[in-house]
Amino acid sequence: MPLTITQVDAFSAKPFGGNPAAVCVLPEARDANWMQSVAREMNLSETAFLAPHLDGYHLRWFTPAVEVDLCGHATLASAHTLWEEGLLRPDEQARFHTLSGLLTAERNGARIEMDFPAKPEEPAPAPEGLAAALGAELGYVGRNAFDYIVELDSEQTVRRLKPNFAELEKLPVRGVIVTSEAADYDFVSRFFAPGSGIPEDPVTGSAHCCLGPFWSKRLDKTDFVAYQASARGGVVYVRLEGDRVRLGGQAVTVLRGSLLA
């Protein structure tokens, strides 16, 4: 029986912005090799697979190359799909059981707000070749469980970066976050993850689990409006609540089809 697969632009209020994710709601769990094959076929930064759970849904995320432990934009896309397709009531909380524990999402006006774990960084020595790979002078360098985070000197530097992805791919991390303060937002960032099969991710919710605590220490505040300055771009609303991070954004469906294999 064909399965419906939906493509959603997450962290965007209009089509063709933000970060596209494919969402497949399954009647029951499927084999990881099959899910990886579907993700490779979709060739988006993430494909999300949902299967029924007694208390919500099991949720797994796959890039074209690997399964990941945490993904923000595909979770946003998943919640959007459940409400849009009538699988959840408009006022019902979306509950996802994942490799990073229970994640929830709720509607908040025009936005969807998700409850994620904070992933703060610690200062770390810059790995050999990082500055050359980014093509920029490094400011602060830190690392959390997933990524390196690098503060650069200006928003213009962040926006103009043209990294050497082949060199970044050699780093033993999921990816590299680059960030700076910004003129029209609290901060801007970009995210590069060639080792995970994603040279540049358009908008990375999970990176903001690190960026929120990072900028809270520097700006002495807990609420932020952030912009990920990829070619597609996207706005992420960030609020710290203890060891959790609330991530907010909009989403729009752009494609719905049938998966036949």
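All of these numbers come straight from a predicted model, not from anything done at the bench.

### As for the overall build of the protein chain
- Secondary structure summary: the protein chain contains six helices and 18 strands in total.
- Relative to a compact globule of 261 residues, whose C-alpha radius of gyration would be 18 Å, the protein chain shows 18 Å and is just as compact.
- With respect to the principal axes defined by its C-alpha atoms, the protein chain has extents near 55 × 35 × 30 Å.
- Looking at the protein chain residue by residue over its 261 residues, the buried ones come to 56%.
- Each charge sign in the protein chain was given a centre, from 24 positive and 34 negative side chains, and these centres are 2 Å apart.

### With respect to the pairing of strand S8 (residues 111–117)
- Most of S8 sits inside the fold, with six of its seven residues counted as buried.
- As judged from the five bridges shared by strand S7 (residues 101–108) and S8, these two strands associate in the antiparallel manner. Bridge pairing in S8 places Thr104 opposite Asp115.
- Between the end of S7 and the start of S8, which pair antiparallel, lie two residues, with Gly109 showing a positive phi angle near 65 degrees.

### A word on the pattern of salt bridges
- Counted by the stated rule, this structure contains 19 salt bridges.
- The salt bridge partner of Arg95 is Asp55, with a shortest N-O separation of 2.9 Å. In this pair, Arg95 is assigned in strand S6 (residues 94–98) and Asp55 in the loop between strand S3 (46–53) and strand S4 (56–62), connecting sequence segments 40 residues apart.
- By relative accessible area, which is 24% here, Arg95 ends up partly exposed.
- With its nearest N and O atoms 3.4 Å apart, the salt bridge here joins Asp91 to Arg89.

### Topic: the packing of aromatic side chains
- Counted according to the given criterion, the structure contains eight aromatic pairs.
- Summarising the aromatic geometry, the rings of Phe49 and Phe62 are spaced 5.8 Å apart at their centres and angled 80 degrees between planes, so their arrangement reads as edge-to-face. A residue pair is termed long-range when its members are at least 10 positions apart, and Phe49 in strand S3 and Phe62 in strand S4 qualify at 13 residues.
- The class for Phe49 is buried, based on a relative accessible area of 2%.

### Description of unusual backbone geometry
- Despite not being glycine, Phe16 has its phi angle at roughly 70 degrees, a positive value.
- Counting through the fold element by element, Phe16 comes out in the loop between strand S1 (3–10) and strand S2 (19–25).
- Despite not being glycine, Asn43 has its phi angle at roughly 60 degrees, a positive value.
- Among the structural elements, Asn43 can be located in the loop between helix H1 (32–42) and S3.

### Structural notes on the side chain of Arg190
- By secondary structure assignment, the location of Arg190 is in strand S13 (residues 187–193).
- Judged by its relative accessible area of 7%, Arg190 falls in the buried class.
- At 3.2 Å, the side chain of Arg190 forms a polar contact with the backbone oxygen of Arg159.
- When near neighbours in sequence (up to four residues on either side) are disregarded, Arg190 contacts Val158, Arg159, Arg160, Leu161, Val176, Ile177, Val178, Glu200, Gln228, Ala229 and Ser230.

### Focus: the side chain of Thr6
- Here Thr6 shows up in strand S1.
- A polar side-chain atom of Thr6 sits 3.1 Å from a polar atom in the side chain of Glu85.
- If sequence neighbours within four positions are ignored, Thr6 has contacts with Ala21, Ala22, Val23, Thr81, Glu85, Thr253, Leu255 and Arg256.

Rules and cut-offs
Residue positions within a chain follow its written sequence, with the count starting from 1. At least 70 in pLDDT is required for a residue's local features to be given in this predicted model, at least 80 for side-chain atom pairs to be given and counted, and no such filter applies to totals for whole chains, interfaces and linings, which use all residues. Each side-chain value is derived from all of the structure's non-hydrogen atoms; neither hydrogens nor water enter the calculation. Only DSSP runs of H or I with at least four residues qualify as helices, and only runs of E with at least two residues qualify as strands; both kinds are numbered from the N terminus onward. C-alpha atoms define the radius of gyration, and 2.2 Å times the number of residues to the power 0.38 defines the globule rule. Exposed residues in this analysis have more than 50% of their type's maximum accessible area, buried residues have under 20%, and partly exposed residues fall in between, with area computed by a 1.4 Å probe over protein chains only. Asp and Glu count as negative and Lys and Arg as positive, but His and the ends of the chain are not part of the count. Every charge is mapped to an atom, namely NZ of Lys, CZ of Arg, CG of Asp or CD of Glu. Pairing between strands is defined by DSSP: at least two bridges between them are needed. The term salt bridge refers to a side-chain nitrogen of Lys or Arg lying within 4 Å of a carboxyl oxygen of Asp or Glu. Note on aromatic contacts: the rings of Phe and Tyr and the six-membered ring of Trp form a pair at centre separations within 6.5 Å, being stacked when their planes are under 30 degrees apart, edge-to-face when over 60 apart, and tilted otherwise. Residues adjacent in sequence count toward polar contacts only when both atoms are side-chain atoms; beyond that, a polar contact is any pair of N or O atoms within 3.5 Å, and within protein one must be able to donate a hydrogen and the other to accept it. By definition, residues are in contact when any of their heavy atoms lie within 4.5 Å.

That's the geometry; what it means functionally is another story.
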